[in-house]
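Coordinates in review
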Amino acid sequence: MIHHPLLLILVLLAVEFSVLFLAGNPRTKHLFSFLPSMFWIYFLPMVLSTCGIIDAKSPLYAGITKYLLPPTLFLLLLNIDLKAISKLGPAALIMFFAGSLGIVLGIIISFILFKPLIGPQFWSGFGALSASWTGGSANMIAVKEALNTPDAVFLPMVIVDTVVPYTWMGILVALAVRQKSFDLWNHSNRGILDDLARRTGNFSQQKKQTIDPLKAVLIIALALVIARICQLMAIHLPTGNNVLSPNAWTIILVSALSILFSLTPISRIPYTGANKCGKWILYFVLTSIGARASLSNAAQAGVLIGAGVLVILIHVAVLLVTARLIRAPLFLVATASLANIAGLVSAPMIAEVYQSGFASVGLLLAILGHSLGAYIGIITGQICHLFI
């Protein structure tokens, strides 16, 4: 068994870069069409620790999460373009927040109904899942640490977070051919699409991602400093109910400061490569979380997938009621749904599938969710905690 911290770091890095290389290689990337690279980056270290190849109880893993996750979150949230998001208009924003509300309601109701089957300890896992389904995987990891979610609880939630969204995305893709029928039934105002095209016409999805090593190092150093300041502040803030812990306060403070910094010229620095570095660091943090888990904790995943399906059904019901009230087209229902549940990669894709040239709408809505997911996850977790 590998115990030495340096060797453990090398093993985790080897897993991360091997998966990312295969996922980016044209010959092998099709292997990740259903189970994404993020799943394998978490799953493979778990296999290694379960098989006794690496030490599952090394204190190194907790240190990696404690000191690298907050600055990573800062880097990933720094490129939010609030001005562009505000230009989406009321219809798109209403549908997005309706989707978020549907997830929160679905998570709470599902936890209450399934608690007798899975146990009350899953309250924090449902909070972490709500963070992912309103803001992406980065927020799920952040809320996992903020709510001190046990690894035995987190693993089944990762499986749910992988299986259910990809199945739902496939259903939405299949429904794209039914747009006209839905819009006729709903009396949808197709002028909303013309308004969206006008509002997002000047938005460029592609940001310069060439790496400037000096600027990348400077912004990463800034992220480390800000994260450490937030950690020191967090220990002096009130805690209670096992929810508002110092970890939770750290995530809240880092997220708030990153959004504030996104309004400054500093927000342009991530496009010199630091944003990519943030994703690489996040994947490394994920390997350390996976190394602490065990395959034996996956037994409850089947029941939890049923809970996840219920969450989706409630989420869809809220979206359909809202679409009926504001006469929103099916395009906005699908795009708002995946902007919440699937995030930055899938939302632009589904938007483009439904309406060619509208990928920017999906991207901007997903970015909005990315900025709010940690807050929603912590709040939802706290509500679930009231019902244990």
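Counting secondary structure elements, the protein chain contains 17 helices and zero strands. On C-alpha atoms alone, the protein chain measures out to a radius of gyration of 20 Å, which is about the 21 Å that the 2.2 N^0.38 rule sets for 388 residues. Its C-alpha atoms give the protein chain principal-axis dimensions of about 65 × 55 × 50 Å. In the protein chain, which comprises 388 residues, the share counted as buried stands at 54%. Once local pairs closer than 6 in sequence are excluded, the contacts in the protein chain between residues at least 24 apart make up 83%.

For Gln-355, the position within the fold is in the loop between α16 (346-354) and α17 (359-385). Residue Gln-355 is classed as buried on the basis of its relative accessible area, which comes to 16%. A polar atom in the side chain of Gln-355 sits 3.1 Å from the side chain of Gln-179. Discounting chain neighbours no more than four positions away, the residues touching Gln-355 are Gln-179, Arg-190, Leu-193 and Phe-331.

This part takes up the packing of aromatic side chains. Tallied over the full model, the rule gives nine aromatic pairs. Each ring, one from Phe-74 and one from Phe-261, has its centre 5.6 Å from the other, and the planes form 70 degrees; the classification is edge-to-face. Here Phe-261 lies in helix α12 (residues 246-261) and Phe-74 lies in helix α3 (residues 60-77), a separation of 187 residues in the sequence. With a centroid separation of 5.4 Å and 75 degrees between ring planes, the pair formed by Phe-331 and Phe-358 is classed as edge-to-face. Taken as a pair, Phe-331 in helix α15 (residues 330-341) and Phe-358 in the loop between α16 and α17 lie far apart in primary sequence, 27 residues in all. Residue Phe-331 is classed as buried on the basis of its relative accessible area of 0%. The ring of Phe-154 has Lys-144 sitting right over it, with the charged end atom 5.6 Å from the ring centre. Looking at Arg-324, its charged tip hangs above the ring of Trp-185, at a distance of 4.5 Å from the centre.

Of all hydrophobic cores here, the largest spans 122 residues; its most connected members are Tyr-42, Phe-126, Trp-133, Leu-196, Phe-331 and Leu-332. Per-element accounting of this core gives the leading share, 12 residues, to helix α5 (residues 90-118).

There is a patch of nonpolar side chains on the surface, built from Leu-101, Leu-105, Ile-109 and Leu-113 and spanning about 340 Å² of accessible area. Mapped onto the elements, Leu-101 comes out in helix α5.

Evaluation of the coordinates by the stated rule reveals six salt bridges. A salt bridge links Lys-144 to Glu-145; the nearest nitrogen and oxygen atoms lie 3.1 Å apart. Residues Asp-195 and Arg-198 are paired through a salt bridge, measuring 2.4 Å at the closest nitrogen-oxygen approach. Of this pair, Asp-195 and Arg-198 both sit in helix α10 (residues 191-199), three residues apart, which is roughly one turn of that helix. One connected set of salt bridges, linked through shared partners, spans Lys-144, Glu-145, Asp-151 and Arg-292.

Here we come to the packing of helix α7 (residues 137-146) against helix α8 (residues 151-175). At a minimum axis separation of 12 Å, α7 and α8 run at an interaxial angle of 165 degrees. Regarding the angle of α7 to α8, the classification is roughly antiparallel. Judged by the twist between their axes, the crossing of α7 over α8 is right-handed. Listed contacts from α8 to Ser-137, Met-140 and Lys-144 of α7 are Asp-151, Phe-154, Met-157, Val-158 and Asp-161.

This part is about the packing of helix α9 (residues 179-186) against α15. Closest axis-to-axis distance for the α9/α15 pair is 9 Å, and the angle between their directions is 110 degrees. Relative to α15, α9 is oriented roughly perpendicular. Contacts from Gln-179, Phe-182 and Asp-183 of α9 reach α15 at Leu-330, Phe-331 and Val-333. Residues belonging to the contact of α9 with α15 are distributed by class as follows: four nonpolar, one polar and one charged.

Cut-offs applied
- Residues numbered from 1 in each chain as written.
- Predicted model: local features only at pLDDT ≥ 70, side-chain atom pairs only at ≥ 80, totals over all residues.
- Heavy atoms only, no water.
- Helix = DSSP H or I, 4+ residues; strand = E, 2+ residues; numbered from the N terminus.
- Rg over C-alpha atoms; globule rule 2.2 N^0.38 Å.
- Buried < 20%, exposed > 50% of the residue type's maximum accessible area, 1.4 Å probe, protein only.
- Contact = heavy atoms within 4.5 Å.
- Polar contact = N/O pair within 3.5 Å; in protein donor to acceptor, adjacent residues only side chain to side chain.
- Phe/Tyr/Trp six-rings, centres within 6.5 Å; stacked < 30°, edge-to-face > 60°.
- Lys NZ or Arg CZ within 6 Å of the ring centre and 35° of its normal.
- Core = buried A, V, L, I, M, F, W, Y, C linked by side-chain atoms within 4.5 Å.
- Patch = residues over 30% accessible without salt bridge, like charges linked within 9 Å, V, L, I, M, F, W, Y side chains within 5 Å.
- Areas by Shrake-Rupley, 256 points an atom, 1.4 Å probe, with all protein chains shown as cover.
- Salt bridge = Lys/Arg side-chain N within 4 Å of Asp/Glu carboxyl O.
- Axes fitted to C-alpha atoms, helices over the stretch in contact; angles between N-to-C directions.
- Parallel < 35°, antiparallel > 145°, perpendicular 65-115°, else oblique.
- Left-handed = near helix turned anticlockwise from the far one by under 90°.
- Nonpolar A, V, L, I, M, F, W, Y, C, P; charged D, E, K, R; others polar.

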